[in-house]
Structure formats: C-alpha cells, structure tokens
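Below are the chains, spelled out letter by letter.
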Amino acid sequence: MSDTHTPTRTPPRPAIEVDVVMRREPVQGPMARWQPWRWVLADVMLHSSPSETALLEAQEQHEPEAVEPIDPAQAVEGASHWLFPRHRVTLYRDDAEGYYLNLHSPNPCFWVFWRADEERLLDGEPMAVPQIVTLSYHEAGRWLDAQERVDQVPAPEEVVDWLRSFVDATYQPEPKKRKRPDSFRPLTDRFGQPVRVSTEKIRGGGHPGA
C-alpha cells in the first residue's frame, strides 16, 4: 500500500470581478479657467459571479475602452465614459469587520482607488485609471488616510447579498469590555498623581504609626 498522499487543494478565496467606468466631464463655472476637465467614478458593474470568477485567471491589465452610459441619467453633455474591465474583488476573513461596517452603512458600496496616469493620455492629459476596488470600509479608510483619490458607488443587491453571506459566516464581534465601576478607579490628587490610602486607625489626633 502506498504511503503517498494526494495534497489537499486549498479552495480559492471568494471573489468576483467587476468593470469600472470612469467619466471625464467638463468643469462648469469659474473653475473651468484653471481645470477644464475632471474625472469622476461613474459606475462599477458586475462582470462575473463568484462561481464564474473561480474559473478565471486573474487579469492584471485593464485596458480602457470608450463606452456609452447605460443609464441616461448619467449622460453629461460633453463627457466621455471609459470602461476598465475585470478588476477582481476578493474577500478576506481577517477583514470581515471592514465588510460588516460597509453592510451596516446607510448605502453599502464599492470603493474605487484611482490615480491620474501620466502614461495614458487623453487629449494630452492623464487619464484616471482605477487601481483597486474594494468592499472593505477599513481598506478604503487606509487609502483616504494616505491622501489617495477614492470614490464610491452603491453596490448592486446581488453583491450585497453575497457580501452578507460571507460576513455572517466569518465575522465574530469582539465582546464588549465591562465598564469598570467608579469605586475601583485609582485615586489621584489634583495633579493626577496617585494617592496612597492607609487603613490604619488614627489615635489621639496623631498620624498612623506615630
């Protein structure tokens, strides 16, 4: 009998792929004198479901293509829309709290971290290129703390349901620490220095041990 064992394959982390749409639109008003155009996040659309994504190789390059907006309400006169395909959004157990906070916000959303790319030009100006897409409140917060450009759009219901299933299976809230009674708080003087309290009885108006 052979002693060799077939190695157990680690299941892939849950993930979906999305297409990011950025909009380049003319700036209105006095600001147009200094900045004629601006970039904004227009949409994040589901490209492949979790089961479909599990069968796909991750794509590192996201070459943009010009598209027309699906929603007429997003049409802006003079604007152009650019789709960056197949950004992978992976869920991690150690970031379950970040997903939980997103789910319990008024509008669960995708966050997109993007940068102006000097190597991709449109009419001689840098294009706005998405770098990472996340569903984690914590990850988006770290980008904002680093002064990066981060925009958000509401996540579709099917993505919210998928995220909720993951959070229900992985998130364990930390137990709340019991508040210490005031009587157990250390005594301090008016300068914040600890105060020593003696339990010896005072006799004859003197000091303990006198």
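Heads up: these notes are all about the structure in this document. (Residues numbered from 1 in each chain as written. Predicted model: local features only at pLDDT ≥ 70, side-chain atom pairs only at ≥ 80, totals over all residues. Heavy atoms only, no water.)

This next bit is on the overall build of the protein. Across its full length, the protein carries 4 helices and 7 strands. Its helices and strands in sequence order give the protein the pattern β-β-α-β-β-α-β-β-α-β-α, from N to C terminus. When the 210 residues of the protein are sorted by exposure, 31% land in the buried category. Pairs at least 24 apart in sequence give 69% of the contacts found in the protein among residues at least 6 apart. Carbon and sulfur atoms form 50% of the exposed surface of the protein, whose accessible area is close to 15500 Å². (Helix = DSSP H or I, 4+ residues; strand = E, 2+ residues; numbered from the N terminus. Buried < 20%, exposed > 50% of the residue type's maximum accessible area, 1.4 Å probe, protein only. Contact = heavy atoms within 4.5 Å. Areas by Shrake-Rupley, 256 points an atom, 1.4 Å probe, with all protein chains shown as cover.)

On to helix α2 (residues 96–103), then. All of the buried residues along α2 are A96, G98, Y99, N102 and L103. Buried residues along α2 cover an arc of 160° about the axis, so they all sit on one side. Packing partners of the buried residues in α2 comprise β4 (80–90), β5 (109–122), α3 (137–145) and α4 (157–170). (Arc of directions from axis to C-beta.)

Our focus in this paragraph is the sheet that holds strand β3 (residues 65–67). Spatially, 4 strands are ordered β2-β1-β4-β3 in an open sheet, and the strand pairing comes out antiparallel. In this open sheet, the two strands that pair with only one neighbour each are β2 (37–48) and β3. Strand-to-strand, the axes of this sheet are offset by a mean angle of 40°, without reference to chain direction. Across 3 bridges, the pairing between β3 and β4 is antiparallel. In the sheet register, V67 faces β4, and the bridge partner there is H81. Sheet strands in contact with α4 are β1 (15–26), β2 and β4, and its direction is about 135° off that of β1. (Pairing = 2+ DSSP bridges. Axes fitted to C-alpha atoms, helices over the stretch in contact; angles between N-to-C directions.)

Burial of nonpolar side chains together is a common tendency in soluble globular proteins. By size, the foremost hydrophobic cluster in this structure holds 32 residues, and its most contacted members are M22, W39, V44, F110 and L135. For this core, the secondary-structure elements that each account for two or more residues are β1, β2, β4, α2, β5, β6 (125–134) and α4. Broken down by element, the residue count for this core peaks at 6 residues, all from α4. Look past the residues within four positions of W39 in its chain and what remains in contact with it is M22, R23, R24, W82, W114, L122, P126, M127 and A128. In terms of nonpolar packing, the next biggest core, distinct from the first, is built from 6 residues, F113, A140, W143 and V150 among them. (Core = buried A, V, L, I, M, F, W, Y, C linked by side-chain atoms within 4.5 Å.)

The subject of this paragraph is the pattern of salt bridges. Counting across every chain of the model gives 9 salt bridges. Salt-bridge contacts for R120 lead to E63; the nearest nitrogen and oxygen are separated by 3.0 Å. Pair noted here: R120 is in strand β5 and E63 is in the loop between α1 (50–53) and β3, with a separation of 57 residues, a long-range link. Note on R120: relative accessible area 19%, which makes it buried. The partner of R164 in a salt bridge is D161, and the shortest N-O contact between them spans 3.2 Å. In this pair, R164 and D161 are both assigned in helix α4, 3 residues apart and thus about one turn of the helix distant. (Salt bridge = Lys/Arg side-chain N within 4 Å of Asp/Glu carboxyl O.)

Applying the stated criterion across every chain yields a total of 4 aromatic pairs. Across the ring face of W37, the terminal group of R24 is positioned such that the distance to the ring centre comes to 4.0 Å. (Phe/Tyr/Trp six-rings, centres within 6.5 Å; stacked < 30°, edge-to-face > 60°. Lys NZ or Arg CZ within 6 Å of the ring centre and 35° of its normal.)

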